[in-house]
Structures are given as C-alpha cells and as structure tokens.
Amino acid sequence: MHETLLLFGATGDLAQRYLFQSLLNLLRDRLLPPGFRVYAIARQDLGTDGFRATLGERLAKSGAPAADITEMLSRCEYLNVDLADPQLVAERLGFLHGRDCVSYLSTPPSLYVPITQGLKAAGLLDAPSRLVLEKPIGRDLASARTIMAAVGECVSEDRVFRIDHYLGKAPVQNLLALRFGNALLEAVWHHRWIASVDIMVAETDGVDGREGYYANYGALRDMVQNHILQLLCLIAMEPPSALDADSVRNEKLKVLRALRPMTAERINHDSVRGVYQAGVVGGKPVVGFKAPTPEAEDCETYVALVAHIDNWRWAGVPFRLRTGKRMADRCSEVVITFRDTSHWIFEQPSREKSTPNRLVFRLQPEENIELTLMSSLAAPEWGALELQPLPLDLSMPINLRRRIAYERLLLDAFHGNPALFVRNDEVEAAWTWIDSVADAWKQAGTPLQPYMAGSWGPEAAVSIAPEGSIGGRRRGRNGGGA
Ligand code: BG6
C-alpha cells in the first residue's frame, strides 16, 4: 500500500469538503498505513501552519474528535507551487523522488498536462507510483484526447485512476449486487419485460461559488458525461464474467458505444435544457443562476434527455436521463418501469388505468429499494376484486455508517485496485455521445428554458417525464415542473 499522497488543488472546494474529511475518517478507522503522509499542494502562499489552521477549522465543523484532527493535520505538509509550470512542479517536488506516491489531481483539467509532465520529470510517476484524475477530463472528445495523450506519455494506463465518485457510493455498487445476484431480476432484465428506465439526479444546491468552472461545462458535461452515464452503464451492461476491473469496464464500454448518437432532427423531441431563476428552496429564497461572462450565458443547470441503446437487450427501451440544480428536493433515483401484463382480467381498475410494476432504486439521500406490485387489498365480501398498487419497501439497515464515496476510492487508489475507476476508452466513448448532444443542440438552436428554483425543472420537460415516471410521481407529490 502506498504511503505518500500528493494532493494537488488542496485548497479547492473538493479537497476541503470531501477529500481531507475522507482521509480523516480512514485514519480514524486505522485503514491507512502508519507512515501515511499528505503533501497538500496549491498555488496560494500559505505555509504549512497556515494551511493546517484553515483545514483544522474546516474539519472541526464535522464534529470529529480533536485528537483525530490533530493527528490528521500532523500528517499534512503544505507546498505552494505554480501548477501551470512543469519545471517548477518538478523542482519543488524533486525531494520526494524514490517514494511510491499517489498523485491526486483535484484541479481544473487545464492543469492536468503541466502537473503530469512536472511529476514525470521529478520521477514521481515511475512505477509503481499512481496518478488519480478527477472528472471532467476535457470538455469534449478532442480536448479529452489531447489531455489523455499527453498524460499517456508520462504514465502507463494501468497506473492512471480516473475517479467518478458515484462509483464509490455504496448504493451504486449495490446496483451491481442486485442485478447480478438475483435470478429474479436476471430473468426480466431486457426489453421484453422492461418498458423504460429513468435515471434522475436532482440537487437542491445551486452553482453558487463554482460559476467559473460550471459555466464552461453545464449540467450535460458536469453530470451526464460521467455520473449519469456510469449509472446507465451499470443498469444496461451485460453480465461480466467476473468482477475484475477489465471484465466490468469492457461491458460498460459496449453500452457507451451502443448509445445512439443524438441528431439535430431528434434533439428537440428528446431533450430539454433549463436554467434556474430565483425561487425558494427548503423554505429559503435563493437567487437565479448568474453567468460570470456573456459567453457563458448559454449554460444549462438542468438537462433532460432520452437516450437509446442500440443493442438486442435494450431495443426500443427509452432511458430518460435527468439532472438539475436547485430542484425541489435532493434525490437520486433509478426507476425501472416494467411492461403491462400480457393479458388483463380485472375490471377495477381497467387495463389502461392499471399501474405497471416498478422497481425503484433510491440512491440518496436515503437508500432503499421499492418494488410496486399490483395487489387486491379489498376483502372478498366487498364484491369484485379491486387491484391497487402495493409498494414493497426494502430499506437498508440504518445502523450502517454511510462512508463518503471518496473514502472507498482513495483506499482503492492507495492499494492499486482499479475496479471502480474509469478507463480511458470509457471516457472517450462517453464524450463521443455527449458531443453528439452538444452538436445537435447547437445545430437545432435548442433554447434554454427557465425554471423556478425549488421546482422540478422546466415545464417543457414534462414531455420527457410522463406521468408515472420519476418526474411524474414527483410532480404529483410536490407540485412544480418536471
Ligand atoms: C460533482 C459535480 O461531480 O457531483 C457537482 O461537479 C455535483 O456539480 C456533484 O454537485 C454531485 O455529487 P453528489 O455526491 O452530491 O450527488
């Protein structure tokens, strides 16, 4: 297990909010080696004392015991480096040469190449050292390829760990367990029995404070290119023959490559883009999205898309993908809607009004699985059988401590286990499809539809969230748009 972490972008939002907290949790649980050290690297001129003071305050807010925080801080040293200059990176970090390092790049992707080149020049990417890259890698296929080619010259693919933190979430891994551990689901998992799949990731948070990054990406590139497509892969992939990294990644890749490219002719039927306006979220008034520059005004904070996977298993099954910021509620759900029964013999309700079986995987904030079956709840003496949807709620044990997704992924990177990381060709295949969407939007001039913060997205997205689907159910419960 590697003992030295070089954390680039250590003063950034991700590192401060999640990465150090995850390391603290791992230290507390004695999951890191005794010699574990973090070199926290960023541009700011802070010094180790200044950095420890800021980080200490942040960690204290989590309620962690003071002794654990002190131990964590004692393992951190801060180095300020101009990350855009490979030579300076190499000079500043050269003293670490000879150690087996994990270098984690939690910086804008524009810095990946200079940092990687600096690391290589300092000998810090020699085997068995590893490189961890945060998403997004590039902004489209061409820029991703440029970055990956340059990175590939410095370190071999088997030592590049591309993080998608959704893959570190326990309920997301549970999708694999449920799909491949249950004969019941194996038998019905294809277009003959499944009518549609909905994947929704709704957030109540806005973009606040991250406009500089976000405005250049938007919901399509920030969420769909990675997290949502990874969820789609886990739902749609063929059973891998084993759970090793390449068996799983080979199957995910086939799904990404089978995604039907979006076209300018279809895009306005099959997608909606939105941007949130001022509104009320969680009882508090919030401002609308403000683009930091005039060029960034076309940035979507909501996207709904209908994707199709052109293969035998999924022919004709729409995958409705939705994600948005400043929505009515925080929820991530995958809903599998089954086809109607082959022959309907009941009067009440009529076939048209019956509710199809649904399997709902709720990933966050709470984690549970719900299966909706039709059942008769009326006593026989009351007359004719009347069927009603009966939800079977399979909640996860609540006494398990939920780990931050990054805890699992950091540990895997220290151990060198790539199974939950994304391979180069997956990233390329995902960008290929995302580029088809972005190009189609451009050609068709797909407009941004405003939605009120605290709603379920633009009204226009109702067509992509029909009644009974995830947005439809939510609409019924809480009002608002899609
Ligand atoms: C990140 C995105 O990758 O995922 C953010 O950049 C988003 O915009 C976040 O808020 C959502 O992650 P989670 O774990 O809170 O669902």
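A brief structural summary. The structure presented is a predicted model; accordingly, all values stated were derived computationally and were not measured. (Residues numbered from 1 in each chain as written. Predicted model: local features only at pLDDT ≥ 70, side-chain atom pairs only at ≥ 80, totals over all residues. Heavy atoms only, no water.)

Turning our attention to the packing of aromatic side chains. In this structure the tally under the stated criterion is 13 aromatic pairs. Plain terms: the ring middles of Tyr39 and Phe95 are 5.9 Å apart, the flat faces sit at 80° to each other, and that makes the pair edge-to-face. With Tyr39 in strand β2 (residues 37-42) and Phe95 in the loop between α4 (86-93) and β4 (101-105), the pair connects residues that are 56 residues apart, well separated along the chain. Tyr39 sits in the buried class, given a relative accessible area of 3%. By relative accessible area, which is 48% here, Phe95 ends up partly exposed. Taking the centre distance of 6.2 Å and the plane angle of 70° together, the rings of Tyr276 and Phe289 count as edge-to-face. Taken as a pair, Tyr276 in strand β8 (residues 271-277) and Phe289 in the loop between β10 (284-286) and β11 (302-307) lie far apart in primary sequence, 13 residues in all. Residue classification places Phe289 among the buried residues on the basis of a relative accessible area of 12%. (Phe/Tyr/Trp six-rings, centres within 6.5 Å; stacked < 30°, edge-to-face > 60°. Helix = DSSP H or I, 4+ residues; strand = E, 2+ residues; numbered from the N terminus. Buried < 20%, exposed > 50% of the residue type's maximum accessible area, 1.4 Å probe, protein only.)

Taken together, Lys135, His165, Tyr166, Lys169, Glu203, Arg210, Asp222, Met223, His227, Lys325, Arg330 and Gln364 form the complete shell of residues around the ligand. In the model, an oxygen atom of the ligand is placed 2.8 Å from a nitrogen or oxygen of the His165 side chain. At 3.4 Å from an oxygen atom of the ligand is found a side-chain nitrogen or oxygen belonging to Arg330. Bound to the protein, the ligand loses 82% of the 390 Å² it would expose on its own. Here the shell around the ligand gets three residues from one element, more than from any other, and that element is helix α10 (residues 218-236). Of the residues assigned to the shell around the ligand, the class counts are two nonpolar, three polar and seven charged. (Near = heavy atom within 4 Å. Polar contact = N/O pair within 3.5 Å; in protein donor to acceptor, adjacent residues only side chain to side chain. Areas by Shrake-Rupley, 256 points an atom, 1.4 Å probe, with all protein chains shown as cover. Nonpolar A, V, L, I, M, F, W, Y, C, P; charged D, E, K, R; others polar.)

Before going further, it helps to spend a moment on the pattern of salt bridges. Considering all chains together, one arrives at 27 salt bridges under this definition. With its nearest N and O atoms 2.8 Å apart, the salt bridge here joins Arg260 to Asp310. One end of the pair, Arg260, is in the loop between α11 (245-258) and α12 (264-270); the other, Asp310, is in the loop between β11 and β12 (319-324), with 50 residues separating them in the sequence. By relative accessible area, which is 43% here, Asp310 ends up partly exposed. For Arg362, the salt bridge goes to Glu333, with nearest N and O atoms at 2.7 Å. In this pair, Arg362 sits in strand β14 (residues 358-364) while Glu333 sits in strand β13 (residues 331-338), placing the two residues 29 residues apart along the sequence. For Arg362, a relative accessible area of 8% corresponds to the buried category. Through salt bridges with shared partners, one network takes in Arg28, Asp29, Arg403 and Glu407. (Salt bridge = Lys/Arg side-chain N within 4 Å of Asp/Glu carboxyl O.)

So, about the sheet that holds β12. Strand pairing within a sheet occurs via backbone hydrogen bonds; the two strands may be parallel or antiparallel. Judged by pairing direction, the sheet is mixed, and its nine strands sit side by side in the order β16-β15-β14-β13-β7-β12-β11-β8-β17 without closing on themselves. Each end of this open sheet is capped by a strand with a single partner; those strands are β16 (387-395) and β17 (448-452). The average undirected angle you get between the axes of adjacent strands in this sheet is 20°. One ladder, built from nine bridges, connects strand β15 (residues 368-376) with β16; its direction is antiparallel. Bridge pairing in β16 places Met374 opposite Pro389. (Pairing = 2+ DSSP bridges. Axes fitted to C-alpha atoms, helices over the stretch in contact; angles between N-to-C directions.)

A cluster of nonpolar side chains, Leu373, Leu392 and Leu394, forms an exposed patch at the surface whose accessible area comes to about 230 Å². Position of Leu394 among the secondary structure elements: in strand β16. Of the residues examined, Leu394 reaches a relative accessible area of 47% and is grouped as partly exposed. (Patch = residues over 30% accessible without salt bridge, like charges linked within 9 Å, V, L, I, M, F, W, Y side chains within 5 Å.)

Before going further, it helps to examine the packing of α11 against helix α14 (residues 424-444). Close contact between α11 and α14 brings their axes to 9 Å; oriented N to C, the two are set at 15°. Classed by the angle they form, the pair α11 and α14 counts as roughly parallel. For the crossing formed where α11 meets α14, the hand is left-handed. Only Asp425, Glu426, Ala429 and Ala430 of α14 make contact with α11, whose side of the interface consists of Arg249, Lys252, Leu253, Leu256 and Arg257. Among the residues making up the contact of α11 with α14, the classes are represented as four nonpolar, no polar and five charged. (Parallel < 35°, antiparallel > 145°, perpendicular 65-115°, else oblique. Left-handed = near helix turned anticlockwise from the far one by under 90°. Contact = heavy atoms within 4.5 Å.)

On to the pairing of β8. Most of β8 is tucked away, with six of its seven residues classed as buried. Bridging between β8 and β11 involves four bridges; their strand directions are antiparallel. Its bridge partner lying in β11, Val272 is registered against Ala304. As defined by bridge partners, β8 adjoins β17 across five bridges and the pair is classed as parallel. From the neighbouring strand, Gly274 faces β17, where its bridge partner is Gln449.

Judged by nonpolar contacts, the single largest core of 149 residues is most densely connected at Phe20, Phe319, Leu321, Phe361 and Trp433. In contact with Trp433, other than residues within four places in its own chain, are Val224, Leu229, Leu259, Arg260, Pro261, Met262, Leu305, Ala307 and Leu321. (Core = buried A, V, L, I, M, F, W, Y, C linked by side-chain atoms within 4.5 Å.)

Looking now at helix α1 (residues 13-28). Taking 1.5 Å of rise per residue, the 16 residues of α1 would be expected to cover 22 Å, and the 22 Å separating its terminal C-alpha atoms lies within 8% of that figure. Along α1, the sharpest kink reaches roughly 30°, centred on Leu19. Of all the positions in α1, only Leu14, Ala15, Gln16, Leu19, Phe20, Gln21, Ser22, Leu23, Leu24, Asn25, Leu26 and Leu27 are classed as buried. Count one or two residues on from α1 and you reach Arg30, which has phi positive near 55°. (Expected span 1.5 Å × (residues − 1). Bend = angle between axes of the 7 residues up to and from the residue.)

A few words now on the packing of α1 against helix α2 (residues 47-60). One can describe the packing of α1 onto α2 by two numbers: an axis separation of 10 Å at closest approach and a directional angle of 85°. Accordingly, the angle class assigned to the pair α1 and α2 is roughly perpendicular. Here Gln16, Arg17, Phe20, Gln21 and Leu24 of α1 lie close against α2, whose contacting residues are Phe51, Leu55, Arg58 and Leu59.

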